[in-house]
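Remarks on the overall topology
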Amino acid sequence: MRVKVTFKADKLPILYRHRFMSLIKESLSISDAVYKESLYPVRNSEKSKIPKPFCFSVSMPSGRTTKKEKIIIDEGVEIEDAVFHFPQNSSLSFYISSYDYEFMVCLYNGLLEIKDFDFGNGITLKLERVFMLNEGKIKMDEVIFRTNSPILIEDKEGHPILPSASKIEHFNEHINAIHNRILKDIRGEGLKREMEFEPLKIRKQVVKHTLKGFREKTGKPYMTLTCFEGCFRLKGDPRDLQMLYQIGIGLRTGQGFGMVEVV
């Protein structure tokens with residue numbers, strides 16, 4: 001299932017993913033607080049680290065300009081970095097995808113109740129529309145995807161791994177291990193068979209991202225994640241490919257990474 005939400009907005013800071021995470025949590029709380037707590041239990045608990053059954057991406061309007069301005073991340077935490085300013089009366093698009101019907105119903109109903117979302121830094125997202133999108137059905141054992149949001153693949157030590165042609169076997173080893181674990185956590189069963197990733201038109205993308213837990217642990221305002229975006233071919237069991245199409249590919253999908261579209 002896929003949902004597109006459009007908001008009226010004047011601008012958006014470069015650090016925006018954590019605020020859309022807050023929007024998701026608020027929507028779920030409004031719709032079903034018990035369900036929200038099951039998906040977002042007490043922070044730092046073991047359950048809080050379980051992969052989320054969804055992914056999302058944000059599409060900003062064309063014609064935007066960039067200015068370097070003060071960004072308040074949290075109380076007592078501020079930086080100076082890029083802020084994207086939009087043309088007058090522009091809309092930004094917020095896309096969410098999940099395989100979980102309960103999640104999507106709760107999110108959809110909650111979003112309809114939110115008319116204005118305080119994004120911080122003097123930004124208010126004014127809700128325009130919430131509507132369901134058609135979702136493709138993957139029936140073949142290979143598909144070409146393009147990224148809607150950057151994909152993050154890391155080893156156990158947190159070192160980024162990119163799908164370069166010269167190290168594709170190493171990359172495939174890690175992408176299979178990651179998704180075998182994620183699918184086992186989400187649906188109780190790992191990959192039905194190993195996948196094979198083939199880069200077609202890939203480029204590195206370095207993303208600034210922030211989370212409260214990270215700031216408290218490190219004292220730094222944000223983290224820098226080395227991701228990739230573009231087009232690639234993925235081979236595997238159609239049921240696995242369909243699930244990853246719905247929940248996202250890679251790590252931190254519930255934080256605005258790994259959303260893909262079928263080409």
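As recorded in an unreviewed UniProt entry, the protein goes by the name CRISPR-associated endoribonuclease Cas6, listed as coming from Dissulfurispira thermophila.

It is worth spelling out the UniProt feature "domain: CRISPR associated protein Cas6 C-terminal" (unreviewed entry) in the protein at this point. Following the UniProt record, the feature "domain: CRISPR associated protein Cas6 C-terminal" (unreviewed entry) maps to residues 135-262 here. Segment residues 135-262 splits into 29% helix and 28% strand. End C-alpha atoms: 9 Å apart.

Moving on, we come to helix α1 (residues 17-31). For α1, with 15 residues, the first-to-last C-alpha span of 21 Å sits near the 21 Å given by 1.5 Å per residue. Residues of α1 that are buried include every one of Arg 17, His 18, Phe 20, Met 21, Leu 23, Ile 24, Ser 27 and Leu 28, and no others.

Right, let's talk about the pattern of salt bridges for a bit. If you walk through the whole model with that rule in mind, you get 13 salt bridges. With a closest N to O distance of 3.0 Å, Asp 74 and Arg 215 form a salt bridge. One end of the pair, Asp 74, is in strand β4 (residues 65-74); the other, Arg 215, is in helix α5 (residues 212-218), and 141 residues separate them in sequence. Judged by its relative accessible area of 11%, Arg 215 is buried. Lys 126 is paired through a salt bridge with Asp 116; the nearest N and O atoms lie 3.6 Å apart. Here the residue Lys 126 occupies a position in strand β8 (residues 123-133), and Asp 116 occupies one in strand β7 (residues 116-120), the gap between them amounting to 10 residues. For Lys 126, a relative accessible area of 42% translates into the label partly exposed.

Another aspect to go through is the pairing of β4. Here β4 runs beside strand β5 (residues 77-85); their pairing, made up of 9 bridges, is antiparallel. Along β5, the bridge assignment pairs Ile 72 with Glu 78. Connecting β4 to the next strand, β5, in antiparallel fashion are 2 residues, including Gly 76 with a positive phi near 80°.

A few words now on helix α6 (residues 238-247). Along α6, 8 of the 10 residues are buried, which leaves the element largely enclosed by surrounding structure. The set of residues buried in α6 consists of Asp 240, Leu 241, Gln 242, Met 243, Leu 244, Tyr 245, Gln 246 and Ile 247. One side-chain oxygen at the N-terminal end of α6 lies 2.8 Å from the backbone nitrogen of Arg 239; it belongs to Asp 237. Two residues or fewer past α6, Gly 248 is found with a positive phi of approximately 100°.

What follows covers the side chain of Asp 155. On the secondary structure map, Asp 155 appears in the loop between β9 (142-147) and α4 (168-187). It is Lys 156 that comes nearest to the buried, bridge-free Asp 155 among opposite-charge side chains, at 9.8 Å. A distance of 2.9 Å separates a polar side-chain atom of Asp 155 from the backbone nitrogen of Glu 157. Sequence-distant contacts of Asp 155, defined by excluding residues within four places in its chain, comprise Ile 161 and His 174.

Cut-offs and rules
Residues numbered from 1 in each chain as written. Predicted model: local features only at pLDDT ≥ 70, side-chain atom pairs only at ≥ 80, totals over all residues. Heavy atoms only, no water. UniProt positions renumbered as here; feature names shortened; annotations may be inferred. Helix = DSSP H or I, 4+ residues; strand = E, 2+ residues; numbered from the N terminus. Expected span 1.5 Å × (residues − 1). Buried < 20%, exposed > 50% of the residue type's maximum accessible area, 1.4 Å probe, protein only. Salt bridge = Lys/Arg side-chain N within 4 Å of Asp/Glu carboxyl O. Pairing = 2+ DSSP bridges. Polar contact = N/O pair within 3.5 Å; in protein donor to acceptor, adjacent residues only side chain to side chain. Lys, Arg positive; Asp, Glu negative; His and termini not counted. Contact = heavy atoms within 4.5 Å.

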